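Remarks on the overall topology
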Amino acid sequence: MNPLRWSYRFSFAVGFLVCAALMGFALYAEYVWEMTPCPLCIFQRVGFIVMGVFFLLGALHAPRGGSRWIYAAGVWLGAAFGIVVAGRHLWIQSLPADQIPSCGPPLDYMFSAFPFAKVLRMVFTGSGECAAVEPILGLPMPAWTLLWFVLLGVLAVIAVRRRTSRA
């Protein structure tokens with residue numbers, strides 16, 4: 001099963017299934033392992049959801065020619081957003097203890113009390129709960145999400161660049 005030989009439709013279906021599995025794992029970690037997601041974790045989930053939607057639409061539609069890039073661009077939009085968020089999250093986790101920002105209000109409160117632009121500014125400033133490192137298989141969760149954002153983005157480009165006539 002060489003991913004370089006997969007059809008566009010199959011590649012995008014696999015991309016959707018991986019995004020769904022990653023979201024399932026995030027929910028499992030939240031509710032079973034009781035790993036409460038910080039605001040940056042929630043924004044990373046949004047990136048996977050955006051990617052999953054475009055992967056699913058691309059798999060269902062399976063267009064030919066240049067219009068395939070529309071779905072790949074949507075996937076890359078979600079991946080780029082996720083890469084930025086995960087990178088910021090990793091940076092906050094790497095700060096020395098005396099430079100970690102204080103904990104902020106919960107995300108649901110921020111959305112109800114502040115305009116969206118201010119919420120984004122507050123979230124990307126970071127907070128203490130985003131600095132907690134809970135490794136999974138030796139890496140913190142944002143490192144895993146960063147890896148998956150890059151891999152799934154590459155999968156989308158490989159699928160679009162294949163020049164066979166298979167759907």
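Shown above is the structure to which this text applies.
What comes next is a walk through the structure. (Residues numbered from 1 in each chain as written. Predicted model: local features only at pLDDT ≥ 70, side-chain atom pairs only at ≥ 80, totals over all residues. Heavy atoms only, no water.)

Moving on, we come to the packing of helix α2 (residues 39-61) against helix α6 (residues 141-161). Each packed pair of helices is defined by two parameters, the angle between the axes and the distance between the axes. One can describe the packing of α2 onto α6 by two numbers: an axis separation of 11 Å at closest approach and a directional angle of 20 degrees. When the interaxial angle is binned, α2 and α6 end up roughly parallel. Considering how the two elements wind past one another, α2 and α6 form a crossing that is left-handed. For the pair formed by α2 and α6, the contact residues are Q44, G47, F48, M51 and F55 on the first element and P142, T145, W148, F149, L152, G153 and A156 on the second. For the contact of α2 with α6, the class distribution of residues is 8 nonpolar, 4 polar and no charged. (Axes fitted to C-alpha atoms, helices over the stretch in contact; angles between N-to-C directions. Helix = DSSP H or I, 4+ residues; strand = E, 2+ residues; numbered from the N terminus. Parallel < 35°, antiparallel > 145°, perpendicular 65-115°, else oblique. Left-handed = near helix turned anticlockwise from the far one by under 90°. Contact = heavy atoms within 4.5 Å. Nonpolar A, V, L, I, M, F, W, Y, C, P; charged D, E, K, R; others polar.)

Below, the discussion takes up the nonpolar core. Core analysis: the biggest nonpolar cluster contains 21 residues, and Y8, F12, F48, M51, F55 and L152 have the highest contact counts within it. Broken down by secondary-structure element, the contributors of at least two residues to this core are α1 (8-31), α2, α3 (68-94) and α6. It is α6 that provides the largest number of residues to this core, a total of 6 residues. Of all hydrophobic cores here, the second largest spans 9 residues; its members include F43, I92, L107 and V119. (Core = buried A, V, L, I, M, F, W, Y, C linked by side-chain atoms within 4.5 Å. Buried < 20%, exposed > 50% of the residue type's maximum accessible area, 1.4 Å probe, protein only.)

Another aspect to go through is the packing of aromatic side chains. Scanning the model with the defined rule gives 6 aromatic pairs in all. Here F12 and F55 contribute two aromatic rings whose centre-to-centre distance is 5.0 Å and whose plane-to-plane angle is 70 degrees, an arrangement assigned as edge-to-face. Of this pair, F12 sits in helix α1 while F55 sits in helix α2, and the two are 43 residues apart along the sequence. We classify F55 as buried; its relative accessible area is 0%. With 4.0 Å between their ring centres and 10 degrees between their planes, F48 and F149 make a pair best called stacked. Here the residue F48 occupies a position in helix α2, and F149 occupies one in helix α6, the gap between them amounting to 101 residues. An identical accessibility class is assigned to F48 and F149; each is buried. An aromatic cluster of at least three residues, connected via ring pairs, comprises Y8, F12 and F55. (Phe/Tyr/Trp six-rings, centres within 6.5 Å; stacked < 30°, edge-to-face > 60°.)

Keep in mind these numbers describe shape, not what the thing actually does.
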